Amino acid sequence: MESANKISVTQKELPSGNIQVKFFVEDERKPMYGYLLTSEPKPVGEIIAEIQERMQQRRRAVEGLNSFSLNNPIKEDYNFYLFSA
């Protein structure tokens, strides 16, 4: 992820005890938003690092995906959702 992108986060505790993190990625070319579910409260710096890492994993998985191959299925991550704004 480029350092020019700015990530802002808000956290909310759910009745289950998990923490829902809503984040916005401010990028001039492609702004995005999403949600991250964590099992415990974390410092904002750790949350942003985890979001950046998961975005990079998703980008690598999509770049390496061959649409004609069934050998490389993308594993679904139900604790991380990313959308284009």
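Preceding this paragraph is the structure being described.
Residues numbered from 1 in each chain as written. Predicted model: local features only at pLDDT ≥ 70, side-chain atom pairs only at ≥ 80, totals over all residues. Heavy atoms only, no water.

1. What to know about the overall build of the protein chain
When helices and strands are counted, the protein chain shows one helix and four strands. Reading the protein chain from its N terminus to its C terminus gives the helix and strand order β-β-β-α-β. When each of the 85 residues of the protein chain is scored for burial, the buried share is 21%. Of all intrachain contacts in the protein chain linking residues separated by at least 6 positions in sequence, the fraction that spans at least 24 positions is 43%. (Helix = DSSP H or I, 4+ residues; strand = E, 2+ residues; numbered from the N terminus. Buried < 20%, exposed > 50% of the residue type's maximum accessible area, 1.4 Å probe, protein only. Contact = heavy atoms within 4.5 Å.)

2. Some details on the pattern of salt bridges
Inspection of the entire model under this criterion finds three salt bridges. With a shortest N-O distance of 2.8 Å, lysine 42 and glutamate 50 are connected by a salt bridge. With a relative accessible area of 24%, lysine 42 lands in the partly exposed category. Judged by its relative accessible area of 16%, glutamate 50 is buried. A salt bridge links glutamate 50 to arginine 54, with the shortest nitrogen-to-oxygen separation between them at 3.0 Å. Here the residue glutamate 50 and the residue arginine 54 both occupy positions in helix 1 (residues 44–63), the gap between them amounting to four residues, near one helical turn. The pair glutamate 50 / arginine 54 is uniform in exposure class, with both members buried. Here the salt bridges do not stand alone but share partners, grouping Lys42, Glu50, Arg54 and Asp77 into one network. (Salt bridge = Lys/Arg side-chain N within 4 Å of Asp/Glu carboxyl O.)

3. Digging into helix 1
Compared with an ideal rise of 1.5 Å per residue, which puts 20 residues at 28 Å, helix 1 spans 29 Å between its outermost C-alpha atoms and is within 8% of the ideal. Ile47, Glu50, Ile51, Arg54 and Met55 are the residues of helix 1 that are buried. Burial along helix 1 is one-sided: seen end-on, the buried residues are contained in an arc of 135 degrees. Facing away from the buried side of helix 1 by over 90 degrees, the exposed positions are Gly45, Arg60 and Glu63. Of the surrounding elements, those touching the buried residues of helix 1 are strand 1 (6–13), strand 2 (19–26), strand 3 (32–38) and strand 4 (80–84). (Expected span 1.5 Å × (residues − 1). Arc of directions from axis to C-beta.)

4. Focus on the sheet that holds strand 2
Pairing is antiparallel across the open sheet formed by four strands, whose spatial order is 1-2-3-4. One side of each edge strand has no neighbouring strand; the edge strands of this open sheet are strand 1 and strand 4. The average angle at which neighbouring strand axes cross in this sheet is 15 degrees, direction not considered. Two elements, strand 3 and strand 4, share five bridges in a ladder whose sense is antiparallel. (Pairing = 2+ DSSP bridges. Axes fitted to C-alpha atoms, helices over the stretch in contact; angles between N-to-C directions.)

5. Here we look at a nonpolar patch on the surface
Among the surface-exposed residues, Tyr78, Tyr81 and Phe83 lie close enough to one another that they form a single nonpolar patch of about 330 Å² accessible area. With respect to the helices, strands and loops of the structure, tyrosine 81 is situated in strand 4. (Patch = residues over 30% accessible without salt bridge, like charges linked within 9 Å, V, L, I, M, F, W, Y side chains within 5 Å. Areas by Shrake-Rupley, 256 points an atom, 1.4 Å probe, with all protein chains shown as cover.)

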